[in-house]
Amino acid sequence: MNRKTLLNQLKSLLESETNFITNMANTAAFLKQEHGYFWVGFYSVIKDELLLGPFQGPIACTRINKGKGVCGKTWETMDSYLVPDVDKFPGHIACNSFSRSEVVVPLVYKGKCIGVLDADSDKLDDFTAADVTYLQDVVEILINSSEIIE
């Protein structure tokens, strides 16, 4: 199925719900189901850490400091990261030894990073720039569909 159709399906899935946590949960399940990611989920900025949120896949790291690993770097810079080989990313946090490549996209609301979307593969170089753009679109749909509590 093409990505435009998938994005429209996601919009339809989220349109009747505004709870942010519920929408993160359904978005993670949607991405796992439609793309078969090894691991996909969210971390939310809580006080001075990224805290594990809704996800699909094996157990995960629960807390990540700002600037640490791919997720922490994404939070710090508010830039998306495409990592073809996680073992070559400086400071990578090995939450699961089977994770080989990764895409992390910031969740930006009113100019502030409130969390990240993290997608992992158990294959090297499994993501492309098109995947980054697609996941950025997913995040935009999630943010626009949800009531964010400040």
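Engineer: So what's going on with the overall build of the protein? Which residues, and what values?
Structural biologist: Counting secondary structure elements, the protein contains 4 helices and 6 strands. Helices (α) and strands (β) of the protein occur, in sequence order from the N terminus, as α-α-β-β-β-α-β-β-β-α. Against the compact-globule benchmark of 15 Å for 150 residues, the protein has a radius of gyration of 14 Å, which places it among compact chains. For the protein, the spread of C-alpha atoms along the three principal axes comes to 40 × 35 × 25 Å. Going through the 150 residues of the protein one by one, you find that 45% of them count as buried. Long-range pairs, those at least 24 residues apart, make up 52% of the contacts in the protein with a sequence separation of at least 6. Accessible surface for the protein amounts to roughly 7800 Å². Of this, 50% is attributable to carbon and sulfur atoms.

Engineer: Would you mind going over the pattern of salt bridges in detail, with residue names and values included?
Structural biologist: For the structure shown, the criterion picks out 5 salt bridges. For E76, the salt bridge identified is with K73, shortest N-O distance 3.2 Å. Here the residue E76 and the residue K73 both occupy positions in helix α3 (residues 69-77), the gap between them amounting to 3 residues, near one helical turn.

Engineer: I'd like to hear about the side chain of E102, residue by residue, with values.
Structural biologist: Tracing the chain through its elements places E102 in strand β5 (residues 101-109). Setting aside its immediate chain neighbours within four residues, E102 contacts V70, C71, Y81, L82, V83, V86, H92, D118, A119, D120 and F127.

Engineer: Explain the packing of helix α2 (residues 20-35) against helix α4 (residues 129-145) to me, and be specific about the residues and the numbers.
Structural biologist: The contact between α2 and α4 brings their axes to 10 Å, and the two run at 150°. By the criterion of interaxial angle, the relationship of α2 to α4 is roughly antiparallel. Helix-helix and strand crossings are classified by hand; for α2 and α4 the assignment is right-handed. For the pair formed by α2 and α4, the contact residues are F20, N23, M24, T27, F30, L31 and H35 on the first element and Y134, L135, V138, L142, I143 and S145 on the second. Along the lines of polarity and charge, the residues of the contact of α2 with α4 split into 9 nonpolar, 4 polar and no charged.

Engineer: Can you break down the pairing of strand β6 (residues 112-121) residue by residue, with the values?
Structural biologist: Counted residue by residue, β6 has 9 buried out of 10 residues, so it is predominantly covered. Where strand β1 (residues 39-46) meets β6, 6 bridges bridge the pair, whose relative direction is antiparallel. Its bridge partner lying in β6, F42 is registered against L117. Relative to β6, β5 runs antiparallel, the two sharing 9 bridges. From the neighbouring strand, Y109 faces β6, where its bridge partner is K112. Between β5 and β6, which follow one another and run antiparallel, lie 2 residues, and K110 among them has a positive phi close to 50°.

Engineer: Hey, could you go over the sheet that holds strand β2 (residues 49-56) for me, with residue numbers and the actual values?
Structural biologist: Strand order in the open sheet made by the 6 strands is β3-β2-β1-β6-β5-β4, with antiparallel pairing throughout. Both outer strands of the open sheet, β3 (63-65) and β4 (81-83), are each paired with one neighbouring strand and no more. Pairwise comparison of adjacent strand axes, ignoring direction, gives a mean angle of 25° for this sheet. α4 rests against β1, β4, β5 and β6 of the sheet, and its axis sits at about 30° to β5.

Each value, and the rule that gives it
- Residues numbered from 1 in each chain as written.
- Predicted model: local features only at pLDDT ≥ 70, side-chain atom pairs only at ≥ 80, totals over all residues.
- Heavy atoms only, no water.
- Helix = DSSP H or I, 4+ residues; strand = E, 2+ residues; numbered from the N terminus.
- Rg over C-alpha atoms; globule rule 2.2 N^0.38 Å.
- Buried < 20%, exposed > 50% of the residue type's maximum accessible area, 1.4 Å probe, protein only.
- Contact = heavy atoms within 4.5 Å.
- Areas by Shrake-Rupley, 256 points an atom, 1.4 Å probe, with all protein chains shown as cover.
- Salt bridge = Lys/Arg side-chain N within 4 Å of Asp/Glu carboxyl O.
- Axes fitted to C-alpha atoms, helices over the stretch in contact; angles between N-to-C directions.
- Parallel < 35°, antiparallel > 145°, perpendicular 65-115°, else oblique.
- Left-handed = near helix turned anticlockwise from the far one by under 90°.
- Nonpolar A, V, L, I, M, F, W, Y, C, P; charged D, E, K, R; others polar.
- Pairing = 2+ DSSP bridges.

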